[in-house]
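Residues per chain are reported as follows:
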Amino acid sequence: IAFVCIRETQGAISTVGTGRRGLLQHGSSSRSGGNVEVMAAPDNCYETPTKAECEDYQYPESRTEGDIGMLCNAMPDMPGCSLWEACKENKVKSSNEVCNSMVVLATICEDMPGMGGCKTYNTMCGDDSVIRQCDERAPVRRMPTWAKTREAMFEMCEDHPMEQCDDCTESSCPDPLASLSGACKDMPDMSQCTMYDRWCQANDDGQLSYYCEEGGGSSSGLPSMLMYFHKRVSETVLWPEWVPRTNGDYAGTIVAVFFFGIFSIGIKTGVSLMSIYWKSQAPLPTSKYTLDSGACHNLPWWIPRSHQWWQNAIKSVLMGISILLDYWNMLIAMTFNVGLFCAVILGYVLGVFFFASFPENYAMHLQMMTPPKTSVDCECPSNMDKVVKEGAEDTQALKTAGKSCCKASQQEESMEGFAAPACCPEMP
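Because the structure is a prediction, the values reported are computed rather than measured.

Our next topic: the overall build of the chain. Along the backbone of the chain there are 16 helices and four strands. Per-residue burial for the chain yields a buried fraction of 39% across its 428 residues. Residue pairs in contact within the chain that sit at least 24 positions apart in sequence constitute 65% of those at least 6 positions apart. By element, 56% of the accessible surface of the chain is carried by carbon and sulfur atoms, the whole surface being about 24100 Å².

Written as structure tokens, this is what we have:
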């Protein structure tokens, strides 16, 4: 009698023992000190899912995985198959509910119910089924379908070629779900990502973090580019390896960017100081004058003198470094990150504030500390001795051959802020 009553009473099995599944495996349970023998659900409940005794039927794990294998061998690019592979590789934790084989099978069959591998599942979990496993192991909520996932990827790649487009073309797209995940993380504002966003929001318990959080799927792993001012911590700064993830990383990045501006201004100031120093040390006049048929001619002004070639080389290297820092700052400002943008501006402002007076003060310092250099280097006709010393006695030769050149040189050097050179002695 007890045996018949238990079979005919729905739900009686679930009230005995510590769990429904454990009761079916052991076939008996103790109640009030006595044993009550029960019968497990028939093995063919997947064929007769409407029978009351099939309520607690569990579709065997081996058969579930066999059905998944059949389906994924036929169409490995289905989103459900992508999830199954991610679970097997532990990209999605295998202990998560979404990795349960029955959940994965349900997800695939919801997407592709007409496939042969879903025949058993469709019968077992039809509208009239009483099998609880069908409700407890329901498909992943709002899972993108195979057709819509591919369509979204193709439209995105047509509008905006991305890294993921290389792996997902109309002729070959082995994992459209991972490609869509990566594309929508890199370009979250594209309209085709609405479906993806809804899927992640419906499963916001962290089980699908591989697909829905930064770095998962086929994403580049880098924060997306936002074309408006924002205050997030994670930002790609110049290189994919430079991505602050914590507040400490972000603070260090701001300090580094701040010093980029200061260093740039400092290098430019250093170039100016070197120019002032080298000019103060150069023999005067800085140009070489020649006499040709009674006329005085100097080399073109735009030709560097012998000592200026290596000076120009040093200046070029330093200016190249300064310009490099400037362009780095430009690219950093284009991230639209408020903290980094302010660091760029503040670095330049404080750099100018600190270094702006250096050239003027250094020039005054040199004037006080360094006596002016006086020398002359004039080439005279062959019938005259070359005059290259201070206080030359042959004033008549200088007067007739080099007076105008020497005065021009004096005027040129005076305009640069230095004492006029004694290029020529006093002339009558």
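What follows concerns the nonpolar core. Judged by nonpolar contacts, the single largest core of 58 residues is most densely connected at Leu83, Val92, Met124, Trp199 and Tyr211. Those elements that place two or more of their residues in this core are α3 (61–74), α4 (79–88), α5 (101–111), α6 (119–124), α8 (146–159), α9 (176–186), α10 (194–202) and α11 (209–212). The element that contributes the greatest number of residues to this core is α5, accounting for seven residues. Listed in part, the 14 residues of the second largest apolar core include Leu325, Ala343, Val344 and Phe355.

For the structure shown, the criterion picks out 16 aromatic pairs. Look at Phe229 and Phe336: their rings are 5.4 Å apart centre to centre, the planes differ by 70°, and that puts the pair in the edge-to-face class. With a gap of 107 residues between them, Phe229 in the loop between α11 and α12 (247–281) and Phe336 in the loop between α13 (308–333) and α14 (338–355) connect regions that are remote in the sequence. Residue Phe229 is classed as partly exposed on the basis of its relative accessible area of 48%. Chaining the aromatic ring pairs together yields one cluster made of Tyr196, Trp199, Tyr210 and Tyr211. Cation over ring: Arg63 sits above Tyr46, and NZ or CZ is 4.4 Å from the ring centre.

Along the chain, the position of Cys45 falls in the loop between β2 (34–37) and α3. Look at Cys45 and you get buried, because its relative accessible area is 0%. If we skip the residues at most four places from it in the chain, Cys45 touches Cys54, Tyr57 and Ile131.

Relative to each other, α13 and α14 sit at 150°, their axes nearing to 8 Å. As summarised for this structure, α13 and α14 are arranged roughly antiparallel, according to the angle between their axes. Classified by chirality, the crossing of α14 by α13 is left-handed. Contacts between α13 and α14 involve Leu325, Asp326, Asn329, Ile332 and Ala333 on the former and, on the latter, Leu340, Phe341, Val344 and Tyr348.

Looking now at the side chain of His230. By secondary structure assignment, the location of His230 is in the loop between α11 and α12. By relative accessible area, His230 is classed as buried at 8%. Polar contacts involving the side chain of His230 include one to the side chain of Glu235, which spans 2.6 Å. Setting aside anything within four residues of it in sequence, one finds His230 in contact with Glu235, Thr335, Phe336, Asn337 and Val338.

It is worth spelling out the state of the cysteines at this point. Across all of its chains, the model carries nine disulfides by this definition. One disulfide bridge connects Cys72 with Cys81, the sulfur atoms lying 2.1 Å from each other. Looking along the S-S bond of the Cys72-Cys81 disulfide, the torsion reads about -95°, which is the left-handed sense. A relative accessible area of 12% means that Cys72 is categorised as buried.

In this section: the pattern of salt bridges. Inspection of the entire model under this criterion finds eight salt bridges. Residue Lys91 is joined to Glu89 by a salt bridge in which the shortest nitrogen-to-oxygen separation is 3.0 Å. Residue Lys268 pairs with Asp326 through a salt bridge whose shortest N-O separation is 2.8 Å. On the criterion of sequence distance, the pair formed by Lys268 in helix α12 and Asp326 in helix α13 is long-range, its members being 58 residues apart. Look at Lys268 and you get partly exposed, because its relative accessible area is 27%. The network of salt bridges with shared partners includes Glu55, Asp56 and Arg132.

This part takes up a nonpolar patch on the surface. Judged by side-chain polarity, Ile323, Tyr327, Met330, Leu331 and Met334 come together as a nonpolar surface patch covering roughly 490 Å² of accessible area. Within the element layout of this structure, Leu331 appears in helix α13. Since its relative accessible area comes to 43%, Leu331 is described here as partly exposed.

Before going further, it helps to examine the confidence of the model for the chain. Low pLDDT marks regions whose predicted coordinates should not be analysed in detail. Per-residue pLDDT for the chain averages 77, and the proportion of residues at 70 or more is 71%. Predicted confidence for residues 286–297 stays below pLDDT 50, and this span has 28 contacts to residues more than four positions away or in other chains. Contacts from residues 374–392, a stretch scored under 50 in pLDDT, to residues over four places away or in other chains number 36 contacts.

With respect to the helices and strands, the residue Thr253 is situated in helix α12. Of the residues examined, Thr253 reaches a relative accessible area of 3% and is grouped as buried. Ignoring any residue separated from it by four or fewer positions in sequence, one finds Thr253 in contact with Val237, Trp242, Pro244 and Leu340.

Attention now moves to unusual backbone geometry. If you check the backbone angles, Asn90 has positive phi at about 65° while not being a glycine. Its location among the elements puts Asn90 in the loop between α4 and α5. Using a relative accessible area of 49% as the deciding quantity, one classes Asn90 as partly exposed. Within the chain, Leu238 stands out as a residue other than glycine whose phi angle is a positive 70°. With respect to the secondary-structure elements, Leu238 resides in the loop between α11 and α12.

Calculation notes
Residues numbered from 1 in each chain as written. Predicted model: local features only at pLDDT ≥ 70, side-chain atom pairs only at ≥ 80, totals over all residues. Heavy atoms only, no water. Helix = DSSP H or I, 4+ residues; strand = E, 2+ residues; numbered from the N terminus. Buried < 20%, exposed > 50% of the residue type's maximum accessible area, 1.4 Å probe, protein only. Contact = heavy atoms within 4.5 Å. Areas by Shrake-Rupley, 256 points an atom, 1.4 Å probe, with all protein chains shown as cover. Core = buried A, V, L, I, M, F, W, Y, C linked by side-chain atoms within 4.5 Å. Phe/Tyr/Trp six-rings, centres within 6.5 Å; stacked < 30°, edge-to-face > 60°. Lys NZ or Arg CZ within 6 Å of the ring centre and 35° of its normal. Axes fitted to C-alpha atoms, helices over the stretch in contact; angles between N-to-C directions. Parallel < 35°, antiparallel > 145°, perpendicular 65-115°, else oblique. Left-handed = near helix turned anticlockwise from the far one by under 90°. Polar contact = N/O pair within 3.5 Å; in protein donor to acceptor, adjacent residues only side chain to side chain. Disulfide = S-S within 2.5 Å. Salt bridge = Lys/Arg side-chain N within 4 Å of Asp/Glu carboxyl O. Patch = residues over 30% accessible without salt bridge, like charges linked within 9 Å, V, L, I, M, F, W, Y side chains within 5 Å. pLDDT = per-residue confidence, 0-100.

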